[in-house]
Structures are given as C-alpha cells and as structure tokens.
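Architecture and fold: a report
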Number of protein chains: 2
Amino acid sequence: MIYPESLARLIEEFEKLPGIGQKTAERLAMHVNKVPAEEALKLAAAVAEVKNKIRQCSVCNNITEQDPCAICGDPSRDRAKICVVEETKDVIALERTGSFKGVYHVLLGKISPLKGIGPEHIRIDHLLRRIRETEPKEVILATGADIEGEATALYLTRLLKGVGITVSRIAYGLPVGSSLEYANDITIARAMEGRKEIS
Amino acid sequence: MIYPESLARLIEEFEKLPGIGQKTAERLAMHVNKVPAEEALKLAAAVAEVKNKIRQCSVCNNITEQDPCAICGDPSRDRAKICVVEETKDVIALERTGSFKGVYHVLLGKISPLKGIGPEHIRIDHLLRRIRETEPKEVILATGADIEGEATALYLTRLLKGVGITVSRIAYGLPVGSSLEYANDITIARAMEGRKEIS
C-alpha cells in the first residue's frame, strides 16, 4: 500500500472525472486531505445537492431546480422563437451572450449514425409536439457546425418544411477576433456566402 | 441566473481545488450532473470518508488510517534509518521507488524565513525527541533541492552534529534520462562533485 485506503478511493473517484488524470487526481485528493473538514465537506454536500435538486425542464429539457425552468417560466421571454440546441451547455453559452430573448429546446444529443444515434434517440418528437401545441413563429437551429450538428439541422429543416413556420440556422463565418489566415477553407467560403451589405 | 443554484455552488466548490479554473469546474459540475446519482454520490462519500478516517501518524506525521501508520507499524522496516522529508507526498514518491526500507519523518513543511516559517513551526522538535528515544544509526535528509529545502537540511545538519549519528543528504546530480545539455550549471557542478568511481 502507498496511499491509505480511503485516500486511494478518493483518487480513484477523482480519476473518473473528465480530463482528470492520475497525477491530478492525486493532487486533488491530497488537497482534500489537507483542507479543514468543513471546507472539504462543502464539496461533498454540493455534489449530493446537485444530484438531489437538478431535474429536467418538462418544456425544454434544460436542467433546472424548478419545473418549468427559469427561462420557460419567465414571462418576458418571447415564446414565438424557439432556439434548438444540442446540450444544456449550449443554452448556457447562448445565455451568457444575452443576445437571444426567446426560449430554448434542448435535444439532449445530435443525430450520429456512426454512434447509432438516430432521430428517435433525441428529443425531436418532443420538439414537434411542442411546436404543434405552442405554434411559434420561428425555429432557430443552433446545433453545432460539425458533421453531426449539421446532419441534425438538416433533418429538422426537412421535417419542419411545410409546417408554415420560419426555420433559420445560426450564421457561419469568421470567429470574431480571428484573421482569415487561420480560418479553414470551408469557414471562409461560408463567410463569403453569408456576407451582408453594409448599410 | 445562468446555472441553477445548486450547480453554481458545485462549480464554486470545484473552483476552490488547486489547478481547477472556471471552465474546468463547469465541465466537472456538468459531468456530475450527467452521471447516475449513484456514481456521483460515490465521489461525495469518498471525500467525506477521507475527512473522517485520515489522521496523522503519531510517530512520523505521515497520513494514515491507523496509528502508527503502516510503515511505522511494519516490523520489517529498518528503524535504524530515518528519512526526513518535507511532506507526505515525498513519502509517497520515495515509497513508489521501493528503494528505501527504513522509516520516515515528515516535517510538514520547510524552513522559509520569507514566509515566516521558522524551525519551531515544523516538526523538528518532534524529530529530535524521536531521535533521542529511538537512537537511530542514520538520519537521511531528503528535503527538496530548492533554497528552502536546502536551508532546512543545513539547519538539521548543524543540530544533529555531535549527537553521534550519521547524517546524510540524498544525492544531487543529473536526472536519469536527461542529457547534460539541458541541466542547469549548479546541477552539473554538483553532479561532478558527487562523482563515484566505477568499480
């Protein structure tokens, strides 16, 4: 034995976290061992509380402590615009910018034939039901710009064609602050296609 | 609000860990949110268990679940050799190599006048008492090769002079696997001084 049993177990648990290797797990466990019990137990309590309190919003599938979530329950948000994203973290990224005042729909995944994830495995049925019931004016497809995000957007575009609502896709282009030199060819081509007249 | 309250609190707790920034803390918290409750609660339980079970060995100050620790309590270890280190993690580093069969003494710090840490703040009195009581043959100073580790080793050398025991310092030299090209001048000079005849 090198580490006492309980410390070895904590290292093992830290190692299960994403991006945490053995060395880091050891460092974190030694830190937990070193700080006052009160401090360390706050971390344990916070983990337990998240598992206790966080649930899914029944309207948009976003994580929340109350149902519906703070966004779906906010009367100032524009229910006529539904922004479709892959994951909760995308909602957080968009909310951080403050640039969108509509509501969200989290698919909890994206279509990926290679991984065996079809349309029936993500919350597309749920989205269609919601669109039928709430009759929004616009659905904004904000899935990622990778192959799987594109496939999901394409699938939804076809599905929503003829429903009589505007379907839009978030813009492709140069990341703000970057130079053309470092952008890949497809990004540059898309940025050119998507150009706007300066008024 | 962007994150639900309990998730925001967990992110905050993760951020307190060493080397964990905001982005990583967010990623870890989202992971905890995603895994089954059973999995996540194992982490919480492991943290609590470490705080519950880990204590200090009354002989050597190493961390342990029983007192004395597994090393001090092992009859096969050579009590005539005490290796003095700064921290528990140094014991772990040495144990990993399996190259030392004596016992340890963890100082729980090093002398650092700049940080206001004097000999009285680390377990030097404890070491002297232990040496008086157990009369070892050799004390090996394995504090770090930085200024503070050196100062601590120097202080102990002077203190132990005339007690009639061998006091040794772990060797300086090239790290195994490295080339001279990348070693600093002092390391090379010390490696030269410490050269050994090949038999």
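Note that residues are indexed from 1 along each chain, following the sequence as it is written. As they are written, the chains are lettered A onward and the ligands numbered 1 onward, keeping that order. Only residues with pLDDT of at least 70 are given local features in this predicted model, and only at 80 or more are side-chain atom pairs given and counted; all residues enter the totals for whole chains, interfaces and linings. The basis for the side-chain values is all heavy atoms of the structure; hydrogens and waters are excluded.

Here's the deal with the domain arrangement of chain A
Interfaces are often sized by the accessible area lost when the parts come together. The split of the chain into domains comes from an automatic or database domain assignment. Once the domains are mapped, chain A shows domain 1 (5-53) and domain 2 (78-193). Of note, the centres of domain 1 of chain A and domain 2 of chain A, computed from C-alpha atoms alone, are 36 Å apart.

A look at the packing of aromatic side chains
Think of it this way: a Phe, Tyr or Trp ring, Trp meaning its six-membered ring, pairs with another when their centres are within 6.5 Å, and the plane angle makes it stacked under 30 degrees, edge-to-face over 60, tilted otherwise. Taken as a whole and judged by the stated rule, the model has two aromatic pairs over all chains. Charge-over-ring contacts are defined here by two conditions on Lys NZ or Arg CZ: a distance within 6 Å of the ring centre and an angle within 35 degrees of the ring normal. Above the ring of Tyr172(A), the side-chain terminus of Arg190(A) is found at 4.3 Å from the ring centroid.

Here we look at the sheet that holds strand E5 (residues 138-141) of chain B
Residue and element names in this part refer to chain B. Read from one edge to the other, the open sheet built from four strands follows the order E4-E3-E5-E6, with strand pairing classed as parallel. Every other strand in the sheet has two partners, leaving strand E4 (102-106) and strand E6 (166-169) as the edge strands with one partner each. With direction set aside, neighbouring strand axes in the sheet form an average angle of 25 degrees. Across five bridges, strand E3 (residues 78-85) lies against E4 in parallel orientation. The residue of E4 that forms the bridge with Ile82 is Val103. Residue contacts follow a heavy-atom distance rule, with two residues in contact if any of their heavy atoms lie within 4.5 Å. Working convention: axes come from line fits to C-alpha atoms, limited for helices to the stretch in contact. Angles between N-to-C directions cover 0 to 180 degrees. Numbered from the N terminus, helices here are DSSP runs of H or I no shorter than four residues, and strands are runs of E no shorter than two. This element, helix H5 (residues 124-134), spans E3, E4 and E5 of the sheet and lies at about 150 degrees to E4. Contacts between helix H6 (residues 147-160) and the sheet are confined to E3, E5 and E6, with E6 contributing the most and set at about 165 degrees to the helix. Here, strands pair whenever DSSP counts at least two bridges between them.

Section: helix H5 (residues 124-134) of chain A
All names here are of chain A. Only protein chains enter the accessibility calculation, which uses a 1.4 Å probe; a residue is then buried when its area is under 20% of its type maximum, exposed when over 50%, and partly exposed in between. Within the span of H5, buried status applies to Ile124, His126, Leu127, Arg130 and Ile131. The arc that holds the buried residues of H5, viewed along the axis, is 155 degrees, so those residues lie on one side. Away from its buried face by more than 90 degrees, H5 exposes Asp125, Arg132 and Glu133. Looking at the packing, one finds that the buried side of H5 touches strand E3 (78-85), strand E4 (102-106), strand E5 (138-141) and helix H6 (147-160). The first or second residue beyond H5 is Glu135, which carries a positive phi of 45 degrees. By definition, the arc is the one covered by directions from the helix axis to the C-beta atoms.

Examining the sheet that holds E3(A)
All names here are of chain A. Read across the sheet, four strands follow the order E4-E3-E5-E6 without closing on themselves; strand pairing throughout is parallel. The sheet terminates laterally at E4 and strand E6 (166-169), the two strands that pair on one side only. Direction aside, the axes of adjacent strands within the sheet are offset by 25 degrees on average. Two elements, E5 and E6, share four bridges in a ladder whose sense is parallel. From the neighbouring strand, Ile140 faces E6, where its bridge partner is Ser168. Along the sheet, helix H4 (residues 88-97) contacts E3 and E4; its crossing angle with E4, the most-contacted strand, is approximately 160 degrees. Its contacts with the sheet put H6 on E3, E5 and E6, and the angle it makes with E6 is roughly 165 degrees.

Considerations on the nonpolar core
Put simply, a nonpolar core is a bunch of buried Ala, Val, Leu, Ile, Met, Phe, Trp, Tyr and Cys residues held in one set by side-chain atoms that sit within 4.5 Å of each other. Among the nonpolar cores identified, the biggest contains 44 residues, and Leu10(A), Phe14(A), Leu10(B) and Phe14(B) are the most heavily contacted of them. Secondary-structure elements contributing two or more residues to this core are helix H1 (5-15), helix H2 (22-34) and helix H3 (37-53) of chain A together with helix H1 (5-15), helix H2 (22-34) and helix H3 (37-53) of chain B.

Considering the interface of chain A and chain B
Every contact between the two is made by 53 residues of chain A and, on the other side, 53 residues of chain B. By salt bridge we mean one thing: a side-chain nitrogen of Lys or Arg within 4 Å of a carboxyl oxygen of Asp or Glu. Between chain A and chain B we count eight salt bridges in total. With a closest N to O distance of 3.6 Å, Lys34(B) and Glu87(A) form a salt bridge. The definition of a polar contact used here is a pair of N or O atoms within 3.5 Å, where within protein one atom must be able to donate a hydrogen and the other to accept one, and adjacent residues in sequence count solely through side-chain atom pairs. Joining chain A to chain B, the criterion identifies 16 residue pairs in polar contact (both at pLDDT 80 or more). Contributions of two or more residues to the side of chain A that touches chain B are made by H1, H2, H3, strand E2 (63-64) and H4 of chain A. Broken down by element, the residue count for the side of chain A that touches chain B peaks at 14 residues, all from H3(A). A per-class count over the side of chain A that touches chain B returns 28 nonpolar, seven polar and 18 charged. Ten residues, namely Ala, Val, Leu, Ile, Met, Phe, Trp, Tyr, Cys and Pro, are considered nonpolar, four, namely Asp, Glu, Lys and Arg, are considered charged, and the remaining ones, Gly among them, are considered polar.

Focus: the packing of H3(A) against H3(B)
Axis angle and axis distance: for two packed helices, these are the angle between their axes and the distance between the axes, and together they describe the pair. Direction vectors running N to C along H3(A) and H3(B) enclose 165 degrees, while the axes themselves pass 9 Å from each other. Relative to H3(B), the element H3(A) lies roughly antiparallel. Crossing of H3(A) over H3(B) shows left-handed handedness. Between H3(A), through Ala37(A), Ala40(A), Leu41(A), Leu43(A), Ala44(A), Val47(A), Ala48(A) and Lys51(A), and H3(B), the contact on the second element is made entirely by Ala37(B), Ala40(B), Leu41(B), Leu43(B), Ala44(B), Val47(B), Ala48(B) and Lys51(B). Among the residues making up the contact of H3(A) with H3(B), the classes are represented as 14 nonpolar, no polar and two charged. Orientation categories follow fixed angle ranges, with anything under 35 degrees roughly parallel, anything over 145 roughly antiparallel, 65 to 115 roughly perpendicular, and all other angles oblique. A crossing counts as left-handed when the near helix is turned anticlockwise from the far one by less than a right angle, and as right-handed when that turn is clockwise.

Brief notes about the pattern of salt bridges
All names here are of chain A. Considering all chains together, one arrives at 30 salt bridges over all chains under this definition. For Lys110, the salt bridge goes to Glu86, with nearest N and O atoms at 3.7 Å. In this pair, Lys110 sits in the loop between E4 and H5 while Glu86 sits in the loop between E3 and H4, placing the two residues 24 residues apart along the sequence. The closest approach of N and O atoms between Glu148 and Lys115, which form a salt bridge, is 3.7 Å. One end of the pair, Glu148, is in helix H6; the other, Lys115, is in the loop between E4 and H5, with 33 residues separating them in the sequence. Its relative accessible area of 60% is what places Lys115 among the exposed residues. Bridged by salt links that share partners, the residues Glu86, Lys110, Lys115, Asp146 and Glu148 form one connected network.

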